[in-house]
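Topology and contacts: notes
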Amino acid sequence: MLVAGDAAALLDHWSREGISYALRSGDLAGHAAARLAATADDAEAHTAADHYEQQVDDVLGVEMTASGTLMNLFTRNPGLVHTALTRLPPAWRRLDAYIAGRTSVAGIMTTPLVRTAAALATRLPLRGARRPQSAPPHS
Ligand SMILES: Cc1cc2nc3c(=O)[nH]c(=O)nc-3n(C[C@H](O)[C@H](O)[C@H](O)COP(=O)(O)OP(=O)(O)OC[C@H]3O[C@@H](n4cnc5c(N)ncnc54)[C@H](O)[C@@H]3O)c2cc1C
């Protein structure tokens, strides 16, 4: 069985955007299904299915890893991410390009400035992240 989109848990962890992931993985799955239909035996079918999984990893996995890193960073220190995105012109320009569809989260996360900030921020203590609430006292 080939799964795509939400069924394959493909989405951007940071923006929660899932439509382009559904469209792009659906396109790959359609081509993989055509290849599967033309296979002669189980071994060829497995190869075709593995190829689909690899394509999804290569194309969408990279973006999901980058958005997961950004989400972790944001969860650990939302104030820092907000300040970087609103006050640092290179970061702001990247966000602008992302919103305009000219780059992906992977494109934001691979700039030297953001990569350095991400590496440093993982060493910072958690700030502003939502913490578990204690249970209300019994009345
Ligand atoms: C409230 C909300 C807001 C969102 N906003 C955005 C946004 O702004 N931008 C963005 O990119 N993403 C957004 N998403 C995510 C986006 O909607 C999904 O990632 C995307 O629609 C996934 O597409 P899909 O084709 O994988 O699944 P779906 O769009 O869920 O399509 C699956 C279809 O299969 C049908 N189906 C299910 N089971 C069966 C069955 N057994 N037999 C036949 N049909 C079946 C369902 O009825 C549905 O029509 C949002 C999601 C939610 C819930």
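Everything quoted here is computed from the prediction, not taken from an experiment.

**Points about the packing of helix α3 (residues 78-87) against helix α4 (residues 89-99)**
Contact geometry for α3 and α4: axes closest at 5 Å, N-to-C directions at 85 degrees. Here α3 is positioned roughly perpendicular relative to α4, judged by the angle of their axes. On the side of α3, the interface is formed by Ala 84, Leu 85 and Thr 86, while α4 contributes Ala 91, Trp 92 and Leu 95. Looking at the contact of α3 with α4, its residues break down into five nonpolar, one polar and no charged.

**Side note on the site of the ligand**
In the neighbourhood of the ligand, the contacting residues comprise Gly 5, Asp 6, Ala 7, Leu 11, Glu 17, Gly 18, Ile 19 and Ala 22. By residue class, the composition of the shell around the ligand is four nonpolar, two polar and two charged.

**Concerning the nonpolar core**
It is characteristic of soluble globular proteins that their nonpolar side chains tend to be buried jointly. Grouped together as the largest cluster of nonpolar side chains are eleven residues: Ala 4, Leu 10, Leu 11, Tyr 21, Leu 28, Ala 29, Ala 32, Tyr 52, Val 56, Leu 60 and Met 64. Looking at this core, the elements with two or more residues in it are α1 (19-37) and α2 (42-76). In this structure, Ala 66, Val 105, Ile 108 and Met 109 belong to the second largest nonpolar core, which totals ten residues.

**Let's talk about α2**
The largest bend along α2 measures about 45 degrees and falls at Leu 60. Those residues of α2 that fall on the buried side of the exposure criterion are Tyr 52, Val 56, Leu 60, Glu 63, Met 64, Ala 66, Ser 67, Thr 69, Leu 70 and Leu 73.

**Topic: unusual backbone geometry**
A negative phi holds for most residues other than glycine; trans holds for most peptide bonds. Positive phi values are uncommon outside glycine, yet Ala 9 reaches one of about 60 degrees. One non-glycine residue, Arg 16, lies in the positive phi region at around 65 degrees. With respect to the secondary-structure elements, Arg 16 resides in the segment before α1. Since 9 C-beta atoms lie within 10 Å of it, Arg 16 is described here as exposed.

Reading the values: rules and limits
- Residues numbered from 1 in each chain as written.
- Predicted model: local features only at pLDDT ≥ 70, side-chain atom pairs only at ≥ 80, totals over all residues.
- Axes fitted to C-alpha atoms, helices over the stretch in contact; angles between N-to-C directions.
- Helix = DSSP H or I, 4+ residues; strand = E, 2+ residues; numbered from the N terminus.
- Parallel < 35°, antiparallel > 145°, perpendicular 65-115°, else oblique.
- Contact = placed C-beta atoms within 7 Å.
- Nonpolar A, V, L, I, M, F, W, Y, C, P; charged D, E, K, R; others polar.
- Near = placed C-beta within 6 Å.
- Core = buried A, V, L, I, M, F, W, Y, C linked by C-beta atoms within 7 Å.
- Buried ≥ 20, exposed ≤ 12 C-beta atoms within 10 Å, placed from the backbone.
- Bend = angle between axes of the 7 residues up to and from the residue.

The quantities given are spatial measurements derived from coordinates; they are silent on function.
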